[in-house]
Amino acid sequence: MAAPGAIAEVTEAHADYARAARRNRLLGFGKGVAAYVVLTVFAAIALIPFVYLLSPSFRKSYELLTFPPQWIPHSLYTGNFHHVLHGTSYPRWALNTLIFAGSVTAVTLVIDTLAGYAFARLRFPGRSLIFALVIATLMIPTAAVVAPLYIMISRLPGWTHSGVNTYPGLILPMVCSPLGVFMMRQFISTLPEALVEAARLDGAGEWQIFRKIVLPLMKPAIVVLGIFTFMFQWVNFLWPLVITTTDNMKTLTVGIASLQGQFVTDWGVISAASVMTIFPMIVVFLIFQRWFVQASMAGALKQ
Amino acid sequence: MSAEAAERAWDELTLSPAEYRRAGARYRQRRSVRAYLFVVPYLVPFLAFLVVPLFWSIWLSFNQGGLLDSAKFIGLKNWRVIGADTELTTSIKNTAIYAAEAIFLVFTLALFLALLLNRYRRGSNFYKLALYVPLLAPAVLVGLIWQFVTNYDFGLINVALVHLGIGRVNIFGNGTSALLAIVGAEVWRGLGFWTLYFLASLQNIPEELLDAARVDGARGFQRFRRVTVPLLRPMLLFAVVIAIIANFQVFDTVYVLTQGGPYLSTSTLVWFIWKRLFAFQQTGQGYAAAVLLLAIILVLTAVSFWLLGSRRRRRTREA
């Protein structure tokens with residue numbers, strides 16, 4: 001039988017504990033609210049410029065200069081979009097971008113998978129030397145080699161005219177990213193070697209092994225490299241800027257940048273062109289989001 | 001079968017050491033040829049468009065002209081000239097300041113957001129997606145979108161300032177704020193990427209370590225300071241090097257936002273290279289600056305691999 005005093009002490013301790021727990025819960029709740037407020041603010045900062053971009057694209061350009069600004073347009077003015085489609089070469093730029101980024105991606109996927117397989121699983125003299133070269137050049141930017149590339153392309157042999165303003169001139173120098181080979185080699189190295197050995201013992205040739213055993217297992221890596229390469233060329237600016245001079249051969253990045261005038265800039269048109277460029281990309285992203293995130297993480301080495 | 005016949009059959013089946021060696025060599029040769037067939041499709045463009053231009057770039061730095069006409073060898077003159085070229089030193093200084101500001105800001109914010117997302121998982125998918133969206137826009141477009149935030153007449157910042165009764169500021173009117181505007185564009189674009197990157201690294205930290213610290217009575221900040229930070233350090237160092245490499249190439253936003261102005265205050269290394277080369281005058285200095293960029297990137301690449309290697313070495317030592 002405990003003394004009455006002891007019981008009172010225990011009850012008090014209980015009450016203390018309950019109070020502390022309540023305070024902790026309250027504090028935790030407060031912290032949680034604060035955390036979500038902060039996260040929401042940053043999400044808003046990330047998204048608001050895109051939404052804000054919509055407003056001038058549906059207004060006449062001079063209305064941008066009125067104050068206080070009129071966020072919601074009176075009526076939807078579609079003249080900017082009309083101008084982008086008919087007054088500029090926008091459709092052609094979009095097509096060029098698709099051809100450029102698409103071709104670079106297609107070629108890169110083929111040659112990088114093949115080379116990645118060879119570096120990971122095949123033996124040949126000079127393998128480590130060549131691979132060391134690939135590693136060393138992993139992060140060389142276009143800017144560092146842009147002059148020789150320009151000289152090469154502008155005097156491509158076998159062309160009656162130079163490679164400036166041609167698709168091959170635009171595409172070819174961009175297909176040799178070492179990062180893709182590196183990614184592919186790393187991925188293939190993680191595949192169980194026993195699979196390849198088993199196929200080899202069964203009498204499969206190297207090509208058959210690659211085609212029937214390795215390639216099917218590489219699907220995820222190929223998707224990731226594909227998205228990564230496409231995104232990388234889709235945002236490419238310096239090389240298209242250097243190698244295209246005619247309006248018809250520009251890519252979207254170069255074309256839209258050229259809409260910015262020397263003295264007067266039609267911001268309505270620029271915002272319309274930006275909206276047309278970025279919103280389809282956001283839709284594609286929302287559909288394939290999982291892959292996008294993986295691709296950009298895989299590219300952590302480059303970006 | 002007689003013993004003699006059996007021996008003959010055996011002899012036919014087996015190879016003498018010399019024959020064996022020859023067969024081995026033949027096999028290896030065939031194997032190498034096949035392997036080369038896999039590598040050559042990549043090797044040709046790799047050599048043609050990366051390795052050769054790399055050495056060519058170095059060679060060009062001793063030349064003048066060459067973009068529109070044929071190059072003329074002038075020895076070390078370019079290097080002597082750019083040594084005294086204040087435009088280049090300014091550009092390099094600007095690039096370094098820009099990179100330092102951008103990396104500091106984006107890393108601080110991204111680490112903070114990653115810690116929040118790591119702790120509060122509910123709904124974190126939405127926040128991750130939202131933060132990622134700016135990354136979809138090419139840097140050129142980010143620059144143009146940024147104009148709608150920073151423009152003197154209609155930028156969000158100035159509209160807000162007028163509403164607050166402060167009055168407009170010309171962000172691109174002075175060098176410090178113009179460079180900060182470019183930093184802002186980069187931070188806005190890169191925040192989502194680095195947040196996801198740090199989040200991935202945080203989720204790699206073994207839960208047991210944090211639990212052990214908690215049992216030992218370490219409070220939230222102590223756990224962060226004594227457990228999380230030391231475990232993140234190698235990854236952070238690597239990320240810093242990668243970010244320096246990426247940020248040293250800043251060009252697109254400079255092109256659309258400031259064109260290097262006012263008075264060279266936002267001229268960066270790649271902007272300098274581009275301007276010297278493709279104005280088709282003073283190309284020699286452009287060549288030399290390109291080699292400088294090449295050297296910086298190569299050194300940083302080596303450092304990043306050294307860091308990766310030291311992390312791996314530590315891990316194997318611990319194992």
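Residues numbered from 1 in each chain as written. Chains lettered and ligands numbered in written order. Predicted model: local features only at pLDDT ≥ 70, side-chain atom pairs only at ≥ 80, totals over all residues.

A short note on the domain arrangement of chain B
For step 1, the next point in the chain: In terms of domain boundaries, chain B breaks down into domain 1 (3-60) and domain 2 (84-318).
For step 2, the next point in the chain: The centre of domain 1 of chain B, based on its C-alpha atoms, is set 46 Å off from the matching centre of domain 2 of chain B. (Domains from an automatic or database assignment.)

Observations concerning the packing of helix α13 (residues 267-287) of chain A against helix α6 (residues 139-150) of chain B
For step 1, the next point in the chain: As a packed pair, α13 of chain A and α6 of chain B sit with axes 11 Å apart at the nearest point and diverge in direction by 130 degrees. Of the possible angle classes, the one that applies to α13 of chain A and α6 of chain B is oblique. For the pair α13 of chain A and α6 of chain B, the sense of crossing is left-handed. Together, Ile270, Ser271, Ser274, Thr277 and Ile278 of chain A of α13 of chain A and Leu141, Leu144, Ile145 and Phe148 of chain B of α6 of chain B make up the contact between the two elements.
For step 2, the next point in the chain: Looking at the contact of α13 of chain A with α6 of chain B residue by residue, the class counts come to six nonpolar, three polar and no charged. (Axes fitted to C-alpha atoms, helices over the stretch in contact; angles between N-to-C directions. Helix = DSSP H or I, 4+ residues; strand = E, 2+ residues; numbered from the N terminus. Parallel < 35°, antiparallel > 145°, perpendicular 65-115°, else oblique. Left-handed = near helix turned anticlockwise from the far one by under 90°. Contact = placed C-beta atoms within 7 Å. Nonpolar A, V, L, I, M, F, W, Y, C, P; charged D, E, K, R; others polar.)

So, the interface of chain A and chain B
For step 1, the next point in the chain: Chain A puts 74 residues into the contact, and the matching count from chain B is 73 residues.
For step 2, the next point in the chain: Elements represented by at least two residues in the side of chain A that touches chain B include exactly α1 (4-57), α3 (90-121), α4 (127-136), α5 (142-154), α11 (238-243), α12 (252-258), α13 and α14 (289-298) of chain A.
For step 3, the next point in the chain: It is α1 of chain A that contributes the most residues to the side of chain A that touches chain B, 14 residues altogether.
For step 4, the next point in the chain: Classifying every residue of the side of chain A that touches chain B gives 61 nonpolar, ten polar and three charged.

Some thoughts on the domain arrangement of chain A
All names here are of chain A.
For step 1, the next point in the chain: Under the domain assignment, chain A is made up of domain 1 (4-57) and domain 2 (79-301).
For step 2, the next point in the chain: On the side of domain 2, eight residues touch domain 1, which itself brings five residues to the contact.
For step 3, the next point in the chain: Split into classes, the residues belonging to the side of domain 1 that touches domain 2 amount to four nonpolar, one polar and no charged.

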